[in-house]
Structures are given as structure tokens and as C-alpha cells.
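Fold and geometry: a report
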Amino acid sequence: MAGGARRMSDRIRQFTEFRQRMNTRILEHDNQVVRRFFALDTQCYKDGVLDVKTKEMLGLVASLVLRCDDCVSYHVAQCRQAGVSRDEMLEIFQVGLLVGGSIVIPHLRRAVDFLDQIEAMPAAGAAPAAPG
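Keep in mind the model is a prediction, meaning the values are calculated, not measured.

Here we come to the packing of aromatic side chains. A full pass over the atoms with the stated rule returns one aromatic pair. Between the aromatic rings of phenylalanine 15 and phenylalanine 114, the centroid separation amounts to 5.5 Å while the plane-to-plane angle is 70 degrees, which identifies the pairing as edge-to-face. Taken together, the positions of phenylalanine 15 in helix H1 (residues 3–27) and phenylalanine 114 in helix H6 (residues 105–120) put the pair 99 residues apart, joining distant regions of the chain. Exposure remark for phenylalanine 15: the relative accessible area of 12% places this residue in the buried category. Overall, phenylalanine 114 belongs to the buried group, its relative accessible area being 1%.

Here it is, written out as C-alpha cells:
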């Protein structure tokens, strides 16, 4: 694996491992509010009247507008796993930018970078595990 590709896959791996490790750590505590919130997040993104793909696209727009880089990265990966194409992703980014304004631009840059990294991985579309 070339140096650039290794750095890219390392970033995705580090992001995923950190999320999983910290989610486990957080859920070790007997805090029903946190547990219920995590469960609510998991339930919200399941198929319903809206399919998973649509819900993940909505989550990505909301994350861009709220300027949460971890959430943006998570939803970029989840969108890819749900079958969102690059062209669809770029339109999602447009909606986030329009709704959120110019303050979204730095987050948009990181979102495109994260998407590029996911697409460069051998198993393109591999996504971090839930919850968001």
C-alpha cells in the first residue's frame, strides 16, 4: 500500500476504532439516559417509511449544518454503505452548504476528503459501526 493510501486507511481505521472504543466505554456506565439516547439513534436510522439511504442522507445534511466533523465523517461512511453514489454525495454537500452557509465550507472540505479516503480503500464503502 502506498504511503498516501496507508495514511488514508489509517485515518478511517483510527476514526472507527476510536468511536467504537469510546462508545463501549461510555456504555459501560449504568446511565439509562445515555443508553436510551444511543438506542434511539440506532432505531431512528432503521428502515421505516423512509429507507436507510434517505435517512443517512438527511443525517449527513444535518451534520454539515451543525458543523460536527465526527458526525459528518460517520454519515459519509454510512451513506456510502447505504449505496449513495459520489454524485449523490456531492448534491447532499450542496444542500448542506446552502442551508448552513459559508461556515460549512471547512466541514465540506473534510467531508470530501473523508469520502475520497473511503473510496480509495480496497473495500470501498466500509463504514464505521453505529451508533452515530
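More follows now that the structure is in view.
To continue, consider the side chain of histidine 107. Looking at the secondary structure, you find histidine 107 in helix H6. Note on histidine 107: relative accessible area 10%, which makes it buried. Aside from chain neighbours lying at most four places away, what touches histidine 107 is Leu64, Arg67, Asp69 and Val72.

Time to look at helix H2 (residues 32–44). Here H2 is 13 residues long and its end C-alpha atoms lie 18 Å apart, about the 18 Å a rise of 1.5 Å per residue gives. The distance from a side-chain oxygen at the start of H2 to the backbone nitrogen of valine 33 is 3.0 Å, and the residue carrying that oxygen is asparagine 31.

This part covers helix H4 (residues 69–81). With 13 residues, H4 extends 18 Å from end C-alpha to end C-alpha; this agrees with the ideal 18 Å at 1.5 Å per step. Among the residues of H4, Val72, Ser73, Tyr74, His75, Val76, Ala77, Gln78, Cys79 and Arg80 are the ones counted as buried. Positive backbone phi, at 95 degrees, marks glycine 83, one or two positions downstream of H4.

For the pair helix H3 (residues 52–66) and H4, the least separation of the axes is 9 Å and the interaxial angle reads 160 degrees. Compared by their axis directions, H3 and H4 come out roughly antiparallel. Along this stretch, H3 crosses H4, giving a crossing that reads as left-handed. Contacts between H3 and H4 involve Glu56, Met57, Gly59, Leu60, Ser63 and Leu64 from the former and Cys71, Val72, His75, Val76, Gln78 and Cys79 from the latter. Partitioning the contact of H3 with H4 into residue classes produces seven nonpolar, four polar and one charged.

The rules behind these values
- Per chain, residue numbering runs from 1 following the sequence as it is written.
- For a predicted model such as this one, the threshold for reporting local features is a pLDDT of at least 70, and the threshold for listing and counting side-chain atom pairs is 80 or more; totals across whole chains, interfaces and linings nevertheless cover every residue.
- The side-chain quantities take in all heavy atoms of the structure and omit both hydrogens and water.
- Ring geometry is summarised as follows: Phe, Tyr and Trp rings, the Trp one being its six-membered ring, pair when their centres sit within 6.5 Å, and such pairs are stacked at plane angles under 30 degrees, edge-to-face over 60 and tilted between the two.
- For helices the rule is a DSSP run of H or I covering at least 4 residues; for strands it is a run of E covering at least 2, with both sets numbered from the N terminus onward.
- Buried, partly exposed and exposed residues are distinguished by accessible area as a fraction of the type maximum, computed with a 1.4 Å probe on protein chains only: under 20%, between the cut-offs, and over 50%, respectively.
- In what follows, a contact means two residues having at least one pair of non-hydrogen atoms within 4.5 Å.
- Expected span of a helix: the number of residues minus one, times 1.5 Å.
- Polar contacts, as used here, are pairs of N or O atoms within 3.5 Å; protein pairs need one atom able to donate a hydrogen and one able to accept it. Residues neighboring in sequence count only if both atoms are side-chain atoms.
- Lines fitted to C-alpha atoms define the axes, with helix axes restricted to the stretch in contact, and inter-axis angles between N-to-C directions lie between 0 and 180 degrees.
- Put simply, angles under 35 degrees are roughly parallel, angles over 145 are roughly antiparallel, angles from 65 to 115 are roughly perpendicular, and the rest are oblique.
- A clockwise turn of the near helix away from the far one marks a right-handed crossing, whereas an anticlockwise turn of less than a right angle marks a left-handed crossing.
- Amino acids outside the nonpolar list (Ala, Val, Leu, Ile, Met, Phe, Trp, Tyr, Cys, Pro) and the charged list (Asp, Glu, Lys, Arg) are all regarded as polar, and Gly is one of them.

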